[in-house]
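Residue strings, one per chain:
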Amino acid sequence: MHSALALRCFACDRTYDEWTWRCDCGAPLNFASGPTDGETNHSGGTDSLPSAPPESWADTTAGLWSFDSLLPVDAHVTLGEGLTPLVDAPAWDAAFKLEYVFPTGSFKDRGAAVTLSLAAELGVDRVVEDSSGNAGAAIATYAARAGIDAEIYVPASVKPAKRRAIEQVGATPVPIEGSREDVTAACVDAVESGDAWYASHAWNPAFLSGTATFACELCAQRNWTAPDAVVTPLGHGTLFLGAYRGFRTLRDLGWIDRLPRLLGAQAAGYAPIAVALHGDDAADGDNDIADGIQIREPVRKNEILAAIEETDGDAIALPESAVERERDALYERGFYVEPTCAVAPAALAEYRERGVVAHDDDVVVPLTGSGLKT
């Protein structure tokens, strides 16, 4: 691995020198040093990292692994993922990065590729994950690529297409009745009572190292300039935090000169970050259509809030009606995405209405999941 397998708790600063999925204080862990860890000033520094951007970033055979010097693994469990298109979206005065153009149809492949690469390095033979669909499909698929058994805990109401995506690569879906939190609790019970490795998109730090490559690719595609703002869906924050870590790494390396503002888009009724920033009224309403971000208790909430503070960012909640309108507008212009994707362009319109984003700001919005799975 590029750095020693040492872990540090964001909450209490305790360190661990062997793999564990959670700190004794109950908080999630990050890699203790390295370019995409969770600390504002990582102890590893950047002396051993490239002084200039890699020339291979445009090599489609390398994909996100063009940035392997920034990743915590040597093994590459890969299906050719990464280098997703960046296209103009004039109707939104923005650019869209098409993160649904991935082997399993969502940005979660970034995190899954790096997570399963780490699992392979550690000699893991069985992984478990809990997911509303996309992360589970990604972990299951990359586990199959690595030859590792996988069990994916899913809501009993998971979309049939997403369950099939898990089953057809040989993983075992474990349906759980109740809320999304109930699914996580059941999975955690399985981790703590058995010998499975927790390949969680929310808890596992390797997953965030993978999603950090979103920022690397985006800046590479823009000739190493950062946009003014990036608007992402925000549930557990795997893309939001990954983007933050990636942009921060590029700034620390001197490859870009500033951080973009990071603006989150949450679902009404499931908006703990918006509530923390703006009060209880910020979560009024319901949004059942954006099922991919129906998270009431993100495990990295404090890290998300710290990233918002550092980037002068924000988070707001969108009602179902706004997301439905935006989904239909995306369809009409050729972007066939799943409904949760539409929350981010809908939020962009709301941010502009509130004056948070100016009409001449340079904005990028990732479209995170394919409509083919819905």
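Residues numbered from 1 in each chain as written. Predicted model: local features only at pLDDT ≥ 70, side-chain atom pairs only at ≥ 80, totals over all residues. Heavy atoms only, no water.

Even after reading the chapter, I still don't get the layout of surface pockets, so can you show me in this structure?
Estimates place the volume of the largest pocket at around 270 Å³. Pro155, Ser157, Arg180, Asp291 and Gln294 are the residues nearest the centre of the largest pocket, which is lined by 13 residues in total. (1 Å grid on protein atoms, 1.4 Å probe; cavity = no way out; pocket = protein on both sides within 12 Å on 5 of 7 lines; lining within 4 Å. Points joined across faces, edges and corners; volume = space filled by probe spheres on them.)

Where do I start with helix α10 (residues 320–332) in this structure?
Because an α-helix packs 3.6 residues into every turn, residues spaced three or four apart end up facing the same way. An ideal rise of 1.5 Å per residue puts 18 Å on 13 residues; α10 measures up with 18 Å between its terminal C-alpha atoms. Residues of α10 that are buried: Ala322, Val323, Glu326, Arg327, Ala329 and Leu330. Mapping the buried residues of α10 onto a view down its axis gives an arc of 165°, with all of them on the same face. Residues of α10 that are exposed and angled more than 90 degrees away from the buried face: Arg325 and Glu332. Considering only its buried residues, α10 is in contact with β5 (94–98), β12 (314–318), α11 (343–354) and β13 (363–367). One or two residues past the end of α10 sits Gly334, with phi positive at roughly 95°. (Helix = DSSP H or I, 4+ residues; strand = E, 2+ residues; numbered from the N terminus. Expected span 1.5 Å × (residues − 1). Buried < 20%, exposed > 50% of the residue type's maximum accessible area, 1.4 Å probe, protein only. Arc of directions from axis to C-beta. Contact = heavy atoms within 4.5 Å.)

Could you clarify how one ought to interpret the packing of helix α2 (residues 134–146) against helix α3 (residues 160–167) in this entry?
Each pair of packed helices can be summarised by the angle the axes make with each other and by the distance between the axes. Running from amino to carboxyl end, α2 crosses α3 at an angle of 15°, the nearest separation of the two axes being 8 Å. The orientation of α2 relative to α3 falls into the category roughly parallel. Handedness of the crossing formed by α2 with α3: left-handed. Where α2 approaches α3, its residues Asn134, Gly136, Ala137 and Ala140 are matched on the opposing element by Lys162, Ala165 and Ile166. Partitioning the contact of α2 with α3 into residue classes produces four nonpolar, two polar and one charged. (Axes fitted to C-alpha atoms, helices over the stretch in contact; angles between N-to-C directions. Parallel < 35°, antiparallel > 145°, perpendicular 65-115°, else oblique. Left-handed = near helix turned anticlockwise from the far one by under 90°. Nonpolar A, V, L, I, M, F, W, Y, C, P; charged D, E, K, R; others polar.)

Taken by themselves, the reported measurements are silent on function.
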